[in-house]
Amino acid sequence: MDANRKTAYLSLVDVESKKAFSNLAINHQVIINKPNSQGFVRELVYGVLESKLTLDYYIDQLLNDGIESLKIPELTIIRMGIYQLGCMNSVPEYAAVNESVMLAKKYCRSKSGLINGVLREYLNKKMQLRLPDRADDEVKYLSVKYSYAPWIVELWLEYYNVDFVEELMRAGNETPPMTIRLNWLKIMKKDLIAKLEEQGFEVSEGKLCQNALNVKGNRLLETEMYKLGMFTPQDESSMLVAEKVAPKHGETVMDVCAAPGGKTTAIAERMNNTGKIIASDIYRRKLDLIDKEARRLGITNIETRSWDATRVDSSMLHRADRVLVDAPCSGLGVVRRKPEIKYKAFTEEMDLLPKKQLAILSASSNYVKPGGTLVYSTCTINPAENEKVTDAFLKRNPSFEKVERTLLLPNINGTDGFFICVMKRDDSLL
């Protein structure tokens, strides 16, 4: 059996049945199964996830009993097969079908004949398969074509025109570049670029942040440069949050929703490892990730602690020069990296997110010194979690004023979707 397709299959099953994040599922299965082409595995896994609703729409038309008659193992293999047949020009048709049947004989033996039949039926009918009629139901058409849950389409159509929404959805399905943040504590930019190029990587500078580099090449995170802490993978939108916090050497900074720590360590590097950063999260196990990453990067000015950000810590009142609230959110800005987010159901918990975000922002504002800075950020594209939260906060807290707001969008900026609002505490406004 082909180890690449086996790895892809097991990764997809983990995402479907265990609700694992795709990047973590792939990394886990790669370690276990040792495929000879991680690039093929990632292309197949992310391709299937990015196109899931489109694939399912076609599969439903090919089955007499409909897609509801399939269980996760056979459905996953059929999705993989059709994606290879329809979207991966490098894969011969016979290989896509035969390897799918081999997977079926291993993981759902009784369904191998069905899978073989469905894939051959797809080859016979693929030119006849059509998307939903746009004139009848535009939301369904966009949902199926770009493979997003209908509620996301409806949400974005509420705030943006349809052409912009199509651009946004299309950009969310593109593969993002590998962007890294160089660690000024360990190496200068020109020296890191030279080292990367010496090892065969293609390097270009970022557009938004001075310490951002875009890198093309394989096994970047297996290099000694990474192990020695010379850089960290991070999208420029996330790097920009640390820039907007704008910490100065020797200051006290609080990062109240810190895990997994990308922004925390970026702030520490900008402070040249001086001052103090208090990084908190409600889960201790997540804080361990920050501690581990800080050791790799040679950072010593971060203190981690477990704390519920909706509660006020009276021991920290008015003690922080800068406070970052990178709030938990719906994540609609990072679907390029985690396409499984596109299929989240809209639950009561998600409906309550803005209230939780406002509660965290309100509690955290108590830590800001007079004249200090409060930064609110999310990785989502939803005004209810972004502008409306900060508007409500500023209305209730007249001692804070808005300095600037930034909204980054994948179709406009080429980054993940991010919202950043910088606020200043000025008690004279009271």
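These figures come from a predicted structure and were not determined experimentally.

Let us look at empty space enclosed by the protein. Which parts of space are left empty comes out when a probe the size of a water molecule is rolled across the atoms. The full count for this structure, using the stated rule, is one cavity of 30 Å³ or more. In this structure, the largest cavity spans a volume of roughly 30 Å³. As for the largest cavity, its lining consists of M254, V256, S280, R305, W307, A309, R311, S364 and Y367. Tallied by class, residues from the lining of the largest cavity come to five nonpolar, two polar and two charged.

Where helix α8 (residues 138-146) contacts helix α10 (residues 162-172), the axes come no closer than 10 Å and their chain directions differ by 20°. Between α8 and α10, the angle falls in the class roughly parallel. Seen from above, α8 lies across α10 with right-handed handedness. Between α8, through E138, L142, K145 and Y146, and α10, the contact on the second element is made entirely by V162, E166, M169 and R170. Here the residues of the contact of α8 with α10 are counted per class, giving four nonpolar, no polar and four charged.

Ranked by size, the top nonpolar core spans 52 residues in total, and within it Y148, W156, M169, I267 and I302 carry the most contacts. Where this core is concerned, the elements lending two or more residues are α8, α9 (150-159), α10, α13 (236-245), α14 (262-270), β6 (276-281), α15 (284-297) and β11 (418-425). Setting aside residues no more than four positions away along its own chain, M169 makes contact with L142, Y146, Y148, V153 and W156. Ranked by size, the runner-up nonpolar core spans 43 residues in total, among them A8, L63, L85 and M88.

We now examine the sheet that holds strand β4 (residues 231-233). What the four strands build is an open sheet, ordered β2-β3-β1-β4; its pairing is antiparallel. Both outer strands of the open sheet, β2 (202-205) and β4, are each paired with one neighbouring strand and no more. Across this sheet, the average inter-strand angle for adjacent strands is 35°, counted without regard to direction. Where strand β1 (residues 178-182) and strand β3 (residues 212-216) come together, four bridges link them in antiparallel fashion. Residue M178 lies in a different strand from β3, and its bridge partner there is V215. Running at roughly 145° to β4, α15 makes contact with β1 and β4 of the sheet.

Basis of the calculations
Every residue gets a number counted from 1 within its own chain, in the order that chain's sequence is written. The predicted nature of this model means local features are confined to residues of pLDDT at least 70 and side-chain atom pairs, given and counted, to a pLDDT of 80 or more, with totals for whole chains, interfaces and linings taken over all residues. As a rule here, side-chain values cover all heavy atoms of the structure and leave hydrogens and water aside. With a 1 Å grid spanning the protein atoms alone, the term cavity applies to any set of points in which a 1.4 Å probe fits but cannot get out, the term pocket to an open set with protein on both sides within 12 Å along at least five of seven lines, and the term lining residue to any residue with an atom within 4 Å of a point. Grid points are joined across faces, edges and corners, and a volume is the space filled by probe spheres set on the points. Three classes are used: nonpolar for Ala, Val, Leu, Ile, Met, Phe, Trp, Tyr, Cys and Pro, charged for Asp, Glu, Lys and Arg, and polar for all others, with Gly counted as polar. All axes are obtained by fitting lines to C-alpha atoms, using only the stretch in contact for helices, and the reported angles, taken between N-to-C directions, cover 0 to 180 degrees. Numbering of helices and strands starts at the N terminus; helices are DSSP runs of H or I of at least 4 residues and strands are runs of E of at least 2. Our angle categories are set so that under 35 degrees counts as roughly parallel, over 145 as roughly antiparallel, 65 to 115 as roughly perpendicular, and the remainder as oblique. Put simply, a crossing is left-handed when the front helix is turned counterclockwise from the back one by less than a right angle, and right-handed when it is turned clockwise. The contact criterion used is simple: two residues touch if any of their non-hydrogen atoms lie within 4.5 Å. Side-chain atoms within 4.5 Å link the members of a nonpolar core, which is a set of buried Ala, Val, Leu, Ile, Met, Phe, Trp, Tyr and Cys residues. Each residue gets one of three labels from its accessible area relative to the maximum for its type: buried under 20%, exposed over 50%, partly exposed in between, using a 1.4 Å probe on protein chains only. Two strands make a pair as long as DSSP finds a minimum of two bridges between them.

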